[in-house]
Amino acid sequence: MDTEVDLGVDIEAGPEGSWSLLSWLASCFMVFGGVVPYIPQYQEIQRISNTEGFSTRVCLVLLVANILRIFFWIGKQFEMTLLLQSLVMIGTMLAMLHLCCTVQTANRVSTKQHHFTDLDLRYFWSWSRFEDYLMFCFAFTVLCAFVTFLFLDSALFVEMLGLAAVLTEAMLGVPQLVQNFQNRSTRGMSIKMVLLWTAGDVFKTTYFVVNESPAQFWLCGTVQICIDIAILLQVCYYGQDAHTKYG
């Protein structure tokens with residue numbers, strides 16, 4: 001009798017253990033999976049020593065979105081996984097900006113430089129030093145902290161903060177979409193990056209729905225998937241130059 005009971009427990013525990021493992025793997029993918037699309041783009045920029053095909057405003061969108069999401073988490077503590085994802089993504093975007101600044105400095109012909117402290121909107125997010133981008137992130141974080149702790153007790157403010165975070169993130173692909181349109185080309189843009197964007201957005205949108213995350217998250221994911229598809233259509237429309245090797 002004891003043996004039968006033990007077997008019954010093992011059989012019931014098996015699926016639960018498997019589900020726990022899958023859940024853990026999904027959480028790990030959510031935290032670190034967002035980094036993967038930028039690896040081929042990072043390598044492409046290093047290879048060609050040129051940043052013209054990649055819009056650094058993608059970094060701006062993700063930095064703003066994830067800083068806002070961190071303060072949204074303070075007001076409404078959802079899954080820790082999504083908080084960790086934001087921290088990892090901020091680090092990734094700073095690494096991309098550091099590479100872009102290094103390459104642009106090496107290629108710069110003009111000696112004139114633009115800095116965050118100039119407060120010249122014409123050159124916003126086109127600064128000459130990596131330190132200027134760090135200063136912007138610090139200033140934006142301090143501003144968000146001040147406003148958030150001022151209105152933290154307002155449920156409406158917290159929900160609006162979350163909406164602002166996910167709507168900003170939903171616009172992730174728009175700078176790249178616009179840059180491709182202006183260049184009339186997708187040269188220098190890693191197609192692997194966009195394909196991984198699409199796969200990641202489909203996965204995370206499914207994750208949000210399954211885990212019953214706040215509605216703002218899966219709405220954001222749906223919009224991102226649509227923008228990803230639009231960029232892939234640009235690749236088909238503009239075609240690839242025969243002499244250009246894409247990442």
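Residues numbered from 1 in each chain as written. Predicted model: local features only at pLDDT ≥ 70, side-chain atom pairs only at ≥ 80, totals over all residues. Heavy atoms only, no water.

**Q** Hey, could you run me through the packing of helix α6 (residues 155–170) against helix α9 (residues 215–238) in this one?
**A** Here α6 crosses α9 at 15°, and the two axes come no closer than 8 Å. In terms of orientation, α6 and α9 fall into the roughly parallel class. Between α6 and α9 lies a crossing of right-handed hand. Each of Glu159, Gly162, Leu163, Val166, Glu169 and Ala170 in α6 lies in contact with α9, whose residues at this interface are Gln216, Phe217, Cys220, Val223, Gln224 and Ile227. (Axes fitted to C-alpha atoms, helices over the stretch in contact; angles between N-to-C directions. Helix = DSSP H or I, 4+ residues; strand = E, 2+ residues; numbered from the N terminus. Parallel < 35°, antiparallel > 145°, perpendicular 65-115°, else oblique. Left-handed = near helix turned anticlockwise from the far one by under 90°. Contact = heavy atoms within 4.5 Å.)

**Q** Help me understand the UniProt feature "transmembrane region" (unreviewed entry) in the protein in this model?
**A** As recorded in UniProt, the sites labelled "transmembrane region" (unreviewed entry) are residues 21–42, 54–74, 80–103, 133–152 and 158–178. Taken end to end, residues 21–42 comprises 77% helix and 0% strand; its first and last C-alpha atoms sit 31 Å apart. For residues 158–178, the helix share is 86%, the strand share is 0%, and the end-to-end C-alpha distance is 31 Å. (UniProt positions renumbered as here; feature names shortened; annotations may be inferred.)

**Q** Help me understand the pattern of salt bridges, please; the structure alone is not making it clear to me.
**A** In the structure shown here, the tally under the stated rule is seven salt bridges. Between Arg47 and Glu44 there is a salt bridge; the shortest N-O distance is 3.0 Å. Here Arg47 pairs with Glu44, and both are found in helix α2 (residues 38–48), just three residues apart, close to one helical turn. Taking the relative accessible area as the measure of exposure, Arg47 reaches 48% and is therefore partly exposed. A relative accessible area of 5% places Glu44 in the buried class. Among the charged side chains, a network of salt bridges with common partners joins Arg69, Glu169, Asp201 and Lys204. (Salt bridge = Lys/Arg side-chain N within 4 Å of Asp/Glu carboxyl O. Buried < 20%, exposed > 50% of the residue type's maximum accessible area, 1.4 Å probe, protein only.)

**Q** Explanation requested: the nonpolar core in the structure shown.
**A** One broad trend across soluble globular proteins is that nonpolar side chains are buried collectively. In this structure, Tyr38, Phe54, Leu63, Met93, Trp125, Phe136 and Trp197 are the most contacted members of the largest nonpolar core, which totals 59 residues. Elements represented by at least two residues in this core include exactly α1 (2–32), α2, α3 (57–75), α4 (80–107), α5 (130–150), α6, α8 (191–210) and α9. Of all the elements, α3 adds the most residues to this core, at 13 residues. Each residue touching Trp197, except ones within four places of it in the same chain, is listed here: Pro37, Tyr38, Val58, Leu172, Gly173, Gln176, Asp228 and Ile231. (Core = buried A, V, L, I, M, F, W, Y, C linked by side-chain atoms within 4.5 Å.)

**Q** Would you mind going over α9 with me for this structure?
**A** Owing to its 3.6 residues per turn, the α-helix aligns residues three or four sequence positions apart on the same side. Helix length check: α9 (24 residues) gives 35 Å between terminal C-alpha atoms against 34 Å at 1.5 Å per residue, within 8%. Among all positions in α9, only Gln216, Phe217, Cys220, Gly221, Gln224, Ile225, Ile227, Asp228, Ile231, Gln234 and Val235 are buried. Elements in contact with the buried residues of α9: α3, α4, α6, α7 (174–183) and α8. Positive backbone phi, approximately 75°, marks Gly239, located one or two places after α9. (Expected span 1.5 Å × (residues − 1).)

**Q** How do you make sense of the packing of aromatic side chains when you look at a structure like this?
**A** Describing an aromatic ring pair means giving the distance of the ring centres and the angle of the ring planes. Scanning all chains against the criterion turns up 14 aromatic pairs. Ring centres 6.0 Å apart and planes at 10° place the aromatic pair Phe136 and Phe140 in the stacked group. Of this pair, Phe136 and Phe140 both sit in helix α5, separated by four residues, roughly a single helical turn. Both residues of the pair, Phe136 and Phe140, count as buried. Ring centres 5.6 Å apart and planes at 40° place the aromatic pair Phe151 and Phe157 in the tilted group. (Phe/Tyr/Trp six-rings, centres within 6.5 Å; stacked < 30°, edge-to-face > 60°.)

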